[in-house]
Every structure is written in structure tokens, then in C-alpha cells.
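Listed here are the chains, written in short residue letters.
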Amino acid sequence: MYYIIVNPASKSGQGAKIWEKIRPILEQRKITYKVLFSQEAGHVIRLTADLSASLLNTNSDFILKLIVLGGDGTLNEALQGISDFARVQIGYIPTGSSNDMARDLKLSPNPSEVLENILSCEKPLLMDLGCLTYEQVSSQLSRQHSNDLMLTRFFSVSSGIGFDAAVCEEALASKFKNVLNKIGLGKLTYLIIALKQLIQAKKVTCTITLDDEQQIYLPKFLFVACMIHQYEGGGFKFCPGADPCDGLIDVCAVGNIPKWLILLALPTAFEGKHYRFNGIDHYAAHKIHLETSMPLWVHTDGEVTMKCNSITLTCEQKKLQFLL
């Protein structure tokens, strides 16, 4: 039995049409399934939480097989609702605009082929899962209602504070993104917004603490991207070589570098060659604490919920069972 969560609004409304194209595969193979459609932001969390809660009423050997059809953000919402990762196996059919998880895992661009691979998978890939904890949170700095504040969030691809999160926050409401998605150029949304945010960025300081030991101070900080996978933001290879199974979070820290030089460095990040520029540094750790001089937007897999000036990120090794 497979439970399938479909985000019909993904890929500018193409999600529902993609589902209708691949649904016959399940019927041809006589696969038992139940499909659930998300209706609004946050709905996938509630759907997954209800499914996960149903495990409590079953025997301990029951495994929930969940397939998510949507973008990286839809997958991120699904993660927030899971209460027992040891009893959930997840398949992912990417239909978003960035699809950074799919890019790193080299998933087929053909949704039918991805579904076939999920259904044929006998042994899930055990991948790391990131966990973000917000500290010193004010509900006035949140995009959520105070009653809905989640002070911890999981992430499967990346999490970041500063410039990259501000780009994600603006992209979430961008009408231009929908236009580009329709002509197959959705990832350009992030590049265009990135250039705008770069010009508007204020001077902020940041202290990075790795594994409660090594401390790095950035007197002129732009952003810190904490990565499980190599890509974020629609193809920026911020952490080339990041391994989703090694128990580490890779860090791309962008600090003491002039804005004009960022304009040169940013395009090279598509090929992971940005570390040639002074002021862009790479680190890796099991635990990362970030503290900034003012509250900034924070994202998990491109989903932005609140501003904060103090966050902690940890890696939970091989906690995510992924059907490939």
C-alpha cells in the first residue's frame, strides 16, 4: 500500500496534470494506493502527521510507504509531519522549479520513470537528515501564526540564514517565478532575485561555531548555507562533494567579500568553482551554531518560516529512508 501526496500547484499548476499522466502506471501494475492532494501551504505537514499518527494504531512491523509529488518545499513539509522515521519510506517525484534533491540524486526528468523506480525499489537508500533549531524566536518575525510556530524543522537538502534565505522568501511569492516555470526557466527566478537581494543586503556580522569547538567570526557576513546535498537555489553547487550519507553538514560561508566580487563569484557556483574567491570558505561538522548581529530570514529546503539571529543545525545520520 502506497500513500501518495500530490501538490497540484507545483510547477505552476502542472502537478495535478503530471499526476494524471503517471496514475495509470499504478493501475497497470495493480498497486494498491491512496492519493491525497494538498490544498494550501502547510497542508502537507498535516496530511503526513495524520498518516504518521496512524502508525501508532498498527503493529510495530508496519512500514508507511509515502510518495511525494511536488517540489523540494513539498518534500520538506512532508518531513515535518513524520513522527517515526524508522517506520517511513519516502519516494519523491520532483515537479518543482528548483528540484535540487533530484539534481543531486540524478533522478530522471521523466516522472513516469521515477515512479517506476520507486515501485521497484527493494532496499531504500539511508540518507542523512538535517535538523534546525530556532533560538530567541519572536512571533512578530514569523510568517506563521504564533500558535503554529515550529521551533525545530527538518531539512533534506539544505538550510541557510541570510542572503540565500532572503532569496527563497521572495521567490515563494514571486509571480515572475510562475511565468518562468511555464517556459521551463524556473531556476532563473533565483538568479534574478539573488542579484536584487545582493544589492539590498545590509552589513551584518556572524559567528559560526563548529561542533562546540572551532569558532569563526565573519565581520561582514552575507550568508551561510548548510548543506546535506550539493545544490540549492535551483542548481547552485554551493557545496561540491557534499555526501548525503556521511553524517556531516557541509557549510558554505560567504563573508569578507565585496558585493561587486559576489557578482562574479555567484555564476561560478553553478559549477562549484566559487571557492577560488577569497571570503568564500568551506567547512564541515556534525553540529553548527550560527549567531548573527540582527534577525535574518532562515530557510529549510527553500521553505522560509521566520527570522532569527541564533540557530543550531545538527545532522542525524542515515535517518531518512529514500526509495530510488
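Please read these numbers as outputs of a predicted model, since none were measured by experiment.

What to know about the pattern of salt bridges
Enumeration according to the criterion identifies 9 salt bridges in this entry. The salt bridge partner of glutamate 20 is arginine 23, with a shortest N-O separation of 2.9 Å. Residue glutamate 20 and its partner arginine 23 are located together in helix α2 (residues 15-28), separated by 3 residues, close to a single helical turn. Residue glutamate 20 is classed as partly exposed on the basis of its relative accessible area, which comes to 41%. Take arginine 23: its relative accessible area is 25%, and that puts it in the partly exposed class.

Topic: the packing of aromatic side chains
We describe a pair of aromatic rings using the distance from one ring centre to the other and the angle between the two ring planes. Taken as a whole and assessed by the stated rule, the structure comprises 6 aromatic pairs. Taken together, a centroid distance of 5.1 Å and an interplanar angle of 75 degrees make the contact between phenylalanine 85 and phenylalanine 154 edge-to-face. A residue pair is termed long-range when its members are at least 10 positions apart, and phenylalanine 85 in the loop between α4 (72-80) and β4 (88-94) and phenylalanine 154 in strand β6 (residues 152-155) qualify at 69 residues. The class of phenylalanine 85 is buried, set by a relative accessible area of 6%. Counting every residue linked through ring pairs, the aromatic cluster contains Phe163, Phe223, Phe236, Phe238 and Phe270. A cation over a ring is seen here: arginine 103 above tyrosine 231, with NZ or CZ 5.8 Å from the ring centre.

Some points on the pairing of strand β5 (residues 125-135)
Across 10 bridges, the pairing between β5 and strand β14 (residues 303-323) is antiparallel. Among the inter-strand pairings, threonine 133 is bridged to a residue of β14, identified as threonine 312. Pairing analysis gives 4 bridges linking β5 to β6, with the strands arranged antiparallel. When the sheet's bridge partners are listed, glycine 130 is paired in β6 with phenylalanine 155.

Some words on helix α6 (residues 111-120)
The set of residues buried in α6 consists of Val114, Leu115, Ile118 and Leu119. One face of α6 carries all of its buried residues, which in axial projection span an arc of 135 degrees. Against β1 (2-6), α2, β3 (64-70), β4 and β14 lie the buried residues of α6. Between the side-chain oxygen at the start of α6 and the backbone nitrogen of serine 112 there is a gap of 2.9 Å, and the oxygen is on asparagine 110.

A look at unusual backbone geometry
Of note, lysine 30 is a non-glycine position whose phi angle comes to about 55 degrees, a positive value. Counting through the fold element by element, lysine 30 comes out in the loop between α2 and β2 (33-37). With a phi angle near 60 degrees, aspartate 212 is a residue other than glycine that sits in the positive phi range. Tracing the chain through its elements places aspartate 212 in the loop between β8 (204-210) and β9 (214-221). The class of aspartate 212 is exposed, set by a relative accessible area of 55%.

Thoughts on the nonpolar core
A general feature of soluble globular proteins is that nonpolar side chains tend to end up buried together. Residues Ile208, Val224, Ile288, Leu290, Ile311 and Leu313 are the most contacted members of the largest nonpolar core, which totals 28 residues. Of all the secondary structure elements, the ones that give two or more residues to this core are β5, β8, β9, β10 (223-227), β11 (249-254), β12 (280-285), β13 (287-300) and β14. Counting residues per element, this core draws most heavily on β14, at 5 residues. Not counting the four nearest positions on each side in its chain, isoleucine 288 is found in contact with Ile208, Thr209, Leu210, Cys226, Ile249, Val251, Ile311, Thr312 and Leu313. Within the second largest apolar cluster, 27 residues are counted, among which are Val68, Val88, Leu105 and Leu320.

Quick look at the environment of threonine 95
Tracing the backbone shows threonine 95 in the loop between β4 and α5 (100-105). Counting along the chain gives 88 residues from threonine 95 to asparagine 7, while the straight-line C-alpha distance between them is 8.8 Å. Ignoring sequence-local partners within four residues, the contact set of threonine 95 consists of Ser10, Lys11, Ile18, Leu69, Gly70 and Gly71. A polar atom in the side chain of threonine 95 sits 2.7 Å from the side chain of serine 10.

What to know about α4
Counted residue by residue, α4 has 9 buried out of 9 residues, so it is predominantly covered. Those residues of α4 that sit buried are Asp72, Gly73, Thr74, Leu75, Asn76, Glu77, Ala78, Leu79 and Gln80.

Focus on the packing of α2 against α6
Taken N-terminus to C-terminus, the directions of α2 and α6 make an angle of 40 degrees; their axes are 9 Å apart at the nearest point. On the basis of their axis angle, the class for α2 and α6 is oblique. At the point where α2 passes α6, the crossing takes the right-handed sense. Side by side, α2 and α6 meet where Ile18, Ile22, Ile25 and Leu26 of the first sit next to Pro111, Ser112, Leu115, Glu116 and Leu119 of the second. Of the residues assigned to the contact of α2 with α6, the class counts are 7 nonpolar, 1 polar and 1 charged.

Definitions and limits used
Residues numbered from 1 in each chain as written. Predicted model: local features only at pLDDT ≥ 70, side-chain atom pairs only at ≥ 80, totals over all residues. Heavy atoms only, no water. Salt bridge = Lys/Arg side-chain N within 4 Å of Asp/Glu carboxyl O. Helix = DSSP H or I, 4+ residues; strand = E, 2+ residues; numbered from the N terminus. Buried < 20%, exposed > 50% of the residue type's maximum accessible area, 1.4 Å probe, protein only. Phe/Tyr/Trp six-rings, centres within 6.5 Å; stacked < 30°, edge-to-face > 60°. Lys NZ or Arg CZ within 6 Å of the ring centre and 35° of its normal. Pairing = 2+ DSSP bridges. Arc of directions from axis to C-beta. Contact = heavy atoms within 4.5 Å. Polar contact = N/O pair within 3.5 Å; in protein donor to acceptor, adjacent residues only side chain to side chain. Core = buried A, V, L, I, M, F, W, Y, C linked by side-chain atoms within 4.5 Å. Axes fitted to C-alpha atoms, helices over the stretch in contact; angles between N-to-C directions. Parallel < 35°, antiparallel > 145°, perpendicular 65-115°, else oblique. Left-handed = near helix turned anticlockwise from the far one by under 90°. Nonpolar A, V, L, I, M, F, W, Y, C, P; charged D, E, K, R; others polar.

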